[in-house]
Amino acid sequence: MTEEQKVKAIFDYVVTQIKYSSGADYISAANALKAIEEGRGVCAHYTSLFHYLATRAGIPTIPLSGPSFVGEHAWNMVYLNGKWVYVDATLADGKKTIDYTYYLKDAMFMMKTRTWMGYGYPDINIYPEVDGMNLKTTEELRVYLLRKMAESRTEPPKKITFKVAGAKVDTDVKFLTVVSPEYKYKLNYDSKNKLYTMIRG
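The notes below deal with the structure included here.

So, how was this worked out
Residues numbered from 1 in each chain as written. Predicted model: local features only at pLDDT ≥ 70, side-chain atom pairs only at ≥ 80, totals over all residues. Heavy atoms only, no water. Pairing = 2+ DSSP bridges. Helix = DSSP H or I, 4+ residues; strand = E, 2+ residues; numbered from the N terminus. Salt bridge = Lys/Arg side-chain N within 4 Å of Asp/Glu carboxyl O. Buried < 20%, exposed > 50% of the residue type's maximum accessible area, 1.4 Å probe, protein only. Axes fitted to C-alpha atoms, helices over the stretch in contact; angles between N-to-C directions. Parallel < 35°, antiparallel > 145°, perpendicular 65-115°, else oblique. Contact = heavy atoms within 4.5 Å. Nonpolar A, V, L, I, M, F, W, Y, C, P; charged D, E, K, R; others polar. Arc of directions from axis to C-beta.

1. Focus on the pairing of strand β9 (residues 195–200)
- Sheet topology note: the strand β7 (residues 159–162)/β9 ladder contains four bridges and is antiparallel. Residue pairing across strands places Phe 162 opposite Tyr 196, the latter belonging to β9.
- Where strand β8 (residues 185–190) hands over to β9, the hairpin turn is made up of four residues, of which Lys 194 adopts a positive phi near 55 degrees.

Pasting the structure below:
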């Protein structure tokens, strides 16, 4: 099997093996085994089992968790074909057939449903390249700010400037409190130059 065939086989197995049941839990090896034994669980169980099986198959993977459109959630990042992509086995379940909407997706796609995508990135170079002076979408703004945060090795930068190219870009930077909860950010707007400046408090 190719690496991609392995990932799909593992993804399909996890989705069909577990029946979603309500409740909260944590990503752990114990929950991977629990998912197999009991055949039910929450997002942490789907994520744990995928991580365990992919690791055993020699596929680099990182379990992730954080705020999303369904509340606190868990999913996986997988290194495939020379890049990191995302899979969400939990959201693929619950239907007669497997839903591949959140299968092998990039960060820009996942940011549409996740408030924060910075956690777990092993290398800042995998952030998509965006122009900070011509940000067209909310996702591009988030990528730009997360990249700037990651580039700082010691502490978050004191000031970040950017421009947005459309009125629909959400410039709310509260999501960064997840990245660095000990810091507060104030956003100033220069209407003359159409320039935003984010200042760390």
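2. Observations concerning the pattern of salt bridges
- Overall, the coordinates contain three salt bridges when judged by the stated rule.
- When the shortest N-O distance is used, the salt bridge between Lys 8 and Asp 12 registers 2.7 Å. Within this pair, Lys 8 and its partner Asp 12 are both found in helix α1 (residues 3–17), separated by four residues, close to a single helical turn.
- Residue class for Lys 8 comes out partly exposed when judged on its relative accessible area of 35%.
- Here Arg 40 makes a salt bridge to Glu 38, at a shortest N to O gap of 3.3 Å.
- For Arg 40, a relative accessible area of 45% puts it in the partly exposed group.
- Residue Glu 38 is classed as partly exposed on the basis of its relative accessible area of 39%.

3. Examining the packing of helix α2 (residues 29–38) against helix α3 (residues 43–56)
- Interhelical geometry of α2 versus α3 gives an angle of 100 degrees and a closest axis separation of 8 Å. With respect to α3, the element α2 is oriented roughly perpendicular. For the pair α2 and α3, contact is made by Asn 31, Ala 32, Lys 34, Ala 35 and Ile 36 and by His 45, Ser 48, Leu 49 and Tyr 52, respectively.
- The residue inventory of the contact of α2 with α3, partitioned by class, reads five nonpolar, three polar and one charged.

4. Observations regarding the sheet that holds strand β6 (residues 103–105)
- The four strands lie next to each other as β3-β4-β5-β6, forming an open sheet whose pairing is antiparallel. Two strands bound the open sheet, and with one partner strand each, they are β3 (61–68) and β6. Direction aside, the axes of adjacent strands within the sheet are offset by 40 degrees on average.
- Looking at chain direction, β3 and strand β4 (residues 71–80) are connected through eight bridges and run antiparallel. Counterpart to Ser 65 in the pairing with β4 is Ala 74.
- This element, α1, spans β4, β5 (83–87) and β6 of the sheet and lies at about 125 degrees to β6.

5. Regarding α2
- Burial in α2 covers these residues: Asn 31, Ala 32 and Ala 35. Down the axis of α2, the smallest arc covering the buried residues is 110 degrees, so these residues share one side. The exposed set on the far side of α2, more than 90 degrees from its buried face, consists of Ala 29, Ala 30 and Glu 37.
- If you follow the buried residues of α2, they end up packed against α1, β2 (40–41) and α3.
- Immediately beyond the C-terminal end of α2, within one or two residues, lies Gly 39, with a positive phi of roughly 70 degrees.

Geometric descriptors of this kind do not, in isolation, establish any biological role.
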